[in-house]
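Observations on the three-dimensional arrangement
One-letter residues, chain by chain:
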Protein chains: 2
Amino acid sequence: MTNKQIDRYKGVRDFYPEDKFIQDYIFETWAATCESYGYVKYGSSVMELSELYLSKGYSEEILKEETYTFEDRGERSVTLRPDMTPSVSRMIAAKAKELSFPQRWYSIESFYRYERPQKGRLREFWQLNADIFGISSTEADIEILQLAYDLVKNFGASDDMFTIRIFSRKLLDAAYEEANLSQEQIKEYTSLLDKKAKISEGEFVELSDKILGDAPNPLSLIAESASEKIKEAKQELEGVVEAAKKLGIENAVIDDSIVRGFAYYTGIVFEIFDTSGENNRSLYGGGRYDKLVEQYGGGPVPAIGIAPGDVPAQDFLETHNLIPEYVSSTDIFIATTGSDMTGPANALAKDLRDSGLNVSVNVAERKVGDQMKYADKLSIPFVLTLGEDEVSSKKYPLKNLESGEEKKLDIEEIIEHLG
Amino acid sequence: MTNKQIDRYKGVRDFYPEDKFIQDYIFETWAATCESYGYVKYGSSVMELSELYLSKGYSEEILKEETYTFEDRGERSVTLRPDMTPSVSRMIAAKAKELSFPQRWYSIESFYRYERPQKGRLREFWQLNADIFGISSTEADIEILQLAYDLVKNFGASDDMFTIRIFSRKLLDAAYEEANLSQEQIKEYTSLLDKKAKISEGEFVELSDKILGDAPNPLSLIAESASEKIKEAKQELEGVVEAAKKLGIENAVIDDSIVRGFAYYTGIVFEIFDTSGENNRSLYGGGRYDKLVEQYGGGPVPAIGIAPGDVPAQDFLETHNLIPEYVSSTDIFIATTGSDMTGPANALAKDLRDSGLNVSVNVAERKVGDQMKYADKLSIPFVLTLGEDEVSSKKYPLKNLESGEEKKLDIEEIIEHLG
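Residues numbered from 1 in each chain as written. Chains lettered and ligands numbered in written order. Predicted model: local features only at pLDDT ≥ 70, side-chain atom pairs only at ≥ 80, totals over all residues. Heavy atoms only, no water.

Below, the discussion takes up the overall build of chain A. In terms of regular secondary structure, chain A is built from 16 helices and 16 strands. Taken over C-alpha atoms, the radius of gyration comes to 27 Å for chain A, far larger than the 22 Å a tight globule of 419 residues would show. For chain A, the proportion of its 419 residues judged to be buried stands at 57%. Relative to all contacts within chain A whose residues are 6 or more apart in sequence, the contacts with residues 24 or more apart total 68%. Here chain A has roughly 18100 Å² of accessible surface; of this, 46% comes from carbon and sulfur atoms. Charge centroids of chain A, computed over 49 positive and 74 negative side chains, lie 3 Å from each other. (Helix = DSSP H or I, 4+ residues; strand = E, 2+ residues; numbered from the N terminus. Rg over C-alpha atoms; globule rule 2.2 N^0.38 Å. Buried < 20%, exposed > 50% of the residue type's maximum accessible area, 1.4 Å probe, protein only. Contact = heavy atoms within 4.5 Å. Areas by Shrake-Rupley, 256 points an atom, 1.4 Å probe, with all protein chains shown as cover. Lys, Arg positive; Asp, Glu negative; His and termini not counted. Charge placed at Lys NZ, Arg CZ, Asp CG, Glu CD.)

By a simple turn and slide, chain A fits onto chain B: the slide is 0.0 Å along the axis, the RMSD is 0.1 Å, and the turn is 180°. Here the two chains are linked by the operation of a two-fold rotation axis. Closest approach to the rotation axis among the C-alpha atoms of chain A is made by Phe-70 of chain A, whose C-alpha sits 3.5 Å away. Of the interface residues in chain A, 100% have counterparts in chain B that sit at the interface too, so the contact is made through matching surfaces. (Least-squares fit on C-alpha atoms with pLDDT ≥ 70 in both.)

Okay, the packing of helix H1 (residues 17-36) of chain A against helix H12 (residues 310-319) of chain A next. Residues and elements named next belong to chain A. Where H1 contacts H12, the two axes come as close as 11 Å, and the packing angle between them is 105°. Considering the angle they form, H1 stands roughly perpendicular to H12. Contacts between H1 and H12 involve Ile-22, Gln-23, Tyr-25, Ile-26, Phe-27 and Trp-30 from the first element and Asp-310, Ala-313, Gln-314 and Leu-317 from the second. For the contact of H1 with H12, the class distribution of residues is seven nonpolar, two polar and one charged. (Axes fitted to C-alpha atoms, helices over the stretch in contact; angles between N-to-C directions. Parallel < 35°, antiparallel > 145°, perpendicular 65-115°, else oblique. Nonpolar A, V, L, I, M, F, W, Y, C, P; charged D, E, K, R; others polar.)

Residues and elements named next belong to chain B. When you line up the elements, Gln-23 lands in helix H1 (residues 17-36). Gln-23 sits in the buried class, given a relative accessible area of 2%. The contact partners of Gln-23, leaving out residues within four places of it in the chain, are Phe-15, Trp-126 and Asp-310.

Listed per partner, the contact involves 99 residues of chain A and 99 residues of chain B. Interface area for chain A against chain B, summed over the two sides, is near 8300 Å², with a carbon-plus-sulfur share of 54%. Counting every contact that joins chain A to chain B gives four salt bridges. Of the charged contacts in the structure, one is a salt bridge between Lys-41 of chain B and Asp-24 of chain A, with a shortest N-O distance of 3.3 Å. Here chain A and chain B share 40 residue pairs in polar contact (both at pLDDT 80 or more) between them. (Buried area = accessible area lost by both parts, 1.4 Å probe. Salt bridge = Lys/Arg side-chain N within 4 Å of Asp/Glu carboxyl O. Polar contact = N/O pair within 3.5 Å; in protein donor to acceptor, adjacent residues only side chain to side chain.)

A few words now on the environment of Leu-80 of chain A. Residue position: Leu-80 of chain A is located in strand S4 (residues 77-80). The class for Leu-80 of chain A is buried, based on a relative accessible area of 0%. Along the chain, Leu-80 of chain A and Ser-50 of chain A lie 30 residues apart, while their C-alpha atoms are 8.5 Å from each other. Not counting the four nearest positions on each side in its chain, Leu-80 of chain A is found in contact with Val-46, Met-47, Tyr-68, Phe-70 and Tyr-112 of chain A together with Met-47, Phe-70 and Leu-80 of chain B.

Another point: the nonpolar core. Ranked by size, the top nonpolar core spans 106 residues in total, and within it Trp-105, Phe-133 and Ile-164 of chain A carry the most contacts. At nine residues, helix H5 (residues 138-153) of chain A tops the list of elements feeding residues into this core. Not counting the four nearest positions on each side in its chain, Ile-164 of chain A is found in contact with Leu-145, Tyr-149, Ile-249, Asn-251, Ala-252, Val-253, Phe-270, Glu-271 and Ile-272 of chain A. Counting residues in each nonpolar core, the second largest holds 105 residues, with Tyr-326 of chain A together with Leu-52, Leu-63 and Leu-172 of chain B among its members. (Core = buried A, V, L, I, M, F, W, Y, C linked by side-chain atoms within 4.5 Å.)

Moving on to the pattern of salt bridges. All chains considered together, the criterion is met by 40 salt bridges over all chains. Between Asp-72 of chain B and Arg-76 of chain B there is a salt bridge; the shortest N-O distance is 3.1 Å. For Asp-72 of chain B, a relative accessible area of 6% corresponds to the buried category. Using a relative accessible area of 30% as the deciding quantity, one classes Arg-76 of chain B as partly exposed. Each of Arg-8 and Asp-14 of chain A together with Glu-48 and Arg-90 of chain B takes part in one network of salt bridges that share partners.

Turning our attention to helix H12 (residues 310-319) of chain B. Residues and elements named next belong to chain B. By the criterion of burial, H12 is predominantly enclosed, with eight of the 10 residues buried. Inspection of H12 places Asp-310, Val-311, Pro-312, Ala-313, Gln-314, Asp-315, Phe-316 and Leu-317 among the buried residues, and these make up the whole buried set. Residues of H12 that are buried in the fold lie against H1, strand S6 (124-133), helix H5 (138-153), strand S7 (162-168), strand S9 (268-274) and strand S10 (282-288). Backbone geometry just downstream of H12 places Asn-321 in the positive-phi region, at approximately 55°.

All names here are of chain B. Of the strand pairs in this sheet, strand S15 (residues 396-400) and strand S16 (residues 406-409) are connected by four bridges, and their pairing is antiparallel. Pairing of Pro-397 across the sheet is with Lys-408, part of S16. Adjacent in sequence and paired antiparallel, S15 and S16 are bridged by five residues, among which Gly-404 carries a positive phi angle near 85°. (Pairing = 2+ DSSP bridges.)

So, about the sheet that holds strand S8 (residues 252-254) of chain A. Residues and elements named next belong to chain A. Spatially, S1-S5-S6-S11-S10-S9-S7-S8 is the arrangement adopted by the eight strands of the open sheet, whose pairing is mixed. Each end of this open sheet is capped by a strand with a single partner; those strands are strand S1 (40-41) and S8. Alignment of strand S6 (residues 124-133) against strand S11 (residues 303-306), held across four bridges, turns out to be antiparallel. Paired with Ala-130 across the bridge in S11 is Ile-306. H12 rests against S6, strand S7 (162-168), strand S9 (268-274) and strand S10 (282-288) of the sheet, and its axis sits at about 100° to S6.

Residues and elements named next belong to chain A. Most of strand S5 (residues 103-112) is tucked away: 10 of the 10 residues are buried. Burial of S5 is two-sided: the residues Gln-103, Trp-105, Ser-107, Glu-109 and Phe-111 facing one way and the residues Arg-104, Tyr-106, Ile-108, Ser-110 and Tyr-112 facing the other way are all buried. Direction of pairing for S1 relative to S5: parallel, over a ladder of two bridges. Paired with Val-40 across the two strands is Trp-105, which belongs to S5. Of the strand pairs in this sheet, S5 and S6 are connected by 10 bridges, and their pairing is antiparallel. Across the sheet, Glu-109 pairs through a bridge with Gln-127, a residue of S6.

Counting across every chain of the model gives 35 aromatic pairs over all chains. Each ring, one from Phe-21 of chain A and one from Tyr-326 of chain A, has its centre 5.1 Å from the other, and the planes form 80°; the classification is edge-to-face. Separated by 305 residues along the polypeptide, Phe-21 of chain A in helix H1 and Tyr-326 of chain A in the loop between H12 and strand S12 (332-336) bring together distant segments of the chain. Accessibility expressed as a relative area gives 22% for Phe-21 of chain A, which makes it partly exposed. When the centroid spacing of 6.0 Å and the interplanar angle of 25° are considered together, the rings of Phe-27 of chain A and Trp-30 of chain A count as stacked. Taken as a pair, Phe-27 of chain A and Trp-30 of chain A lie in helix H1 at a separation of three residues, close to a single helical turn. Judged by its relative accessible area of 12%, Phe-27 of chain A is buried. An aromatic cluster of three or more residues is present, and its members are Tyr-9, Tyr-68, Phe-70 and Tyr-114 of chain A together with Tyr-9, Tyr-68, Phe-70 and Tyr-114 of chain B. (Phe/Tyr/Trp six-rings, centres within 6.5 Å; stacked < 30°, edge-to-face > 60°.)

Below, the structure is given as structure tokens:
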């Protein structure tokens, strides 16, 4: 065997402790926020039968070109999960008869897409998925908007750092119906709306006229509340935004360019935008999908959810200086004056651990000063030095490496000081 | 699209909230135990270049038959990570020059093996990997044994529920050298030792004689301390077990049938056995691998680690009745007397959340009694009922669903009661 450095696979990340610290900070903030709203954690496998996607809107071409799909030796086609909605819908469908609704669920899992690696697009990434199943009324929409808002705010963000742009697929569909558009026109016009924020107004009007021909303009129909269905859907959308405002969400606005890619959305859709110039793009979004669970055989189960990703979340936090400084999960490093101190150090460490402190013990042949430097390099906040005197006096010098302050404390005082 | 139930892929698990609760209990206990010893968390990708394994002991045949290995569209061979040691060794090697050693690292990640699904063997499972890098002395071996012990004990296990069986590959190699065995004999004899606990003594002796022919018996050479190298390695092994005993680990024993499968082990090897009749097999093991990091180009970095899996851990906990009862992460469910109460309920929930409580609000059209049943079915411990009287008096009836006890409390009292 030759000694040879082997790189990681392209488009994925290694998480050294400092990197994992940031990812875990994101995960823990997400988890605490979801749990504060009563969402409980679930999980599924990275490997799913390709059939799960093929039968529900993914084409064979998309699976082949944009996901990791391969055959196992039993000739089953397997896909590495590209998003959570099919998996969680399958799980809800399988137990729809036993579960009491609403079910509020969240997961933090990894996903796989065959992307050309570039900024913000990786082949392996993590997503929070938070969904409420079983409620078709706007109470659920309002709750998901609150959750979406707190999922940004709880990182210490202020309202001016982001906006929530909301629209309604139900409203759009009512306008399409009133305008009597063909399926082809609906597809093209929806895709045009999706690009609206990125093109000029003149260009939008020109392309819009080209698609619509003599048909009425759906956005004008919405503006005029041209049918009862349009009027109802519009009132619903406005009601949701109004209710969100009452709950303190001031940065939510109605925006008719928010349509979201997936075909399965049926109601409210929204996206969160970073307002800073550097990073002015959709961070993540969500929406209502009332028909998907039923397609997996579970009977009708309405659903609405949100799915933030770890990569845009970290970009946002970096842009706004919201990432906390790395500090080791280890509270105390026990430095030893010689190898005869390892036994006593292990015994002392055991007592400190039993009181809930995280303690590592020197096992290297190094001078005490170099042990201090080592602990500092690892960002361990405190060093306790152990020699013969300390073993007999049971008073230990505890040094705060950031302030340089040192105190002689007994074990109870240390636990009180750091516990 | 037809409505059709689609199963999960064979050999993997769905984690409904009650299942995820158990897995997270295992993960959190592992994480807290590792951190108590100063281990910091890292992570890597599920996808690795197959080269990572091929160049380090895995044969092409094993990769093809026992792992998920496929070609991406750039004709790179990709393997879904079957174990962590190659990945973490690669990561340490890549930064060996910048890192201060020892590095104590742990991760809790998923792994993929193409197994025929059966009890205890799944195609996707999770493992804790905890390793200390950069220390060749027995201080590190003793620490890993302590950690291995606490990784079982911290689930509430008692000493009689498991044993730690330890041996030394260094000792075995010294005996092989003294016996002057051929590579073929070494391979066969090691594999025989691995089976020793499962066959009769007579059978062992017979097979042993067949492999060794006229060569001296390595186990006899060890018993006789037949060379200086054997003597040293034996003293080292005995010293480690002795030191572990001094630290309170009474259930560690030397056992010459513990050799561990992987070729990369170079020193202490050990396995943890469940002592109960039902589940009498190796739970998990670990060992010293001083040469592997170097093979990834990182210079010499000795290492020792342990890798418990979630499936054997859960089996062990179930066997010994050590799994805690499921309780929702949600503290309070707010029941409402009508839809006009949703606004006030959201406002109250917001205040409770700001004080760190996890609160879900009724969004279904149900009578209060049915809302109580719903909260109980979801194992939410407390229900607070909100009607017009409560909104005006600001005193809320808080019911403990387990005891049935109900108290009228204001918001500060609720926070104090549950916070």
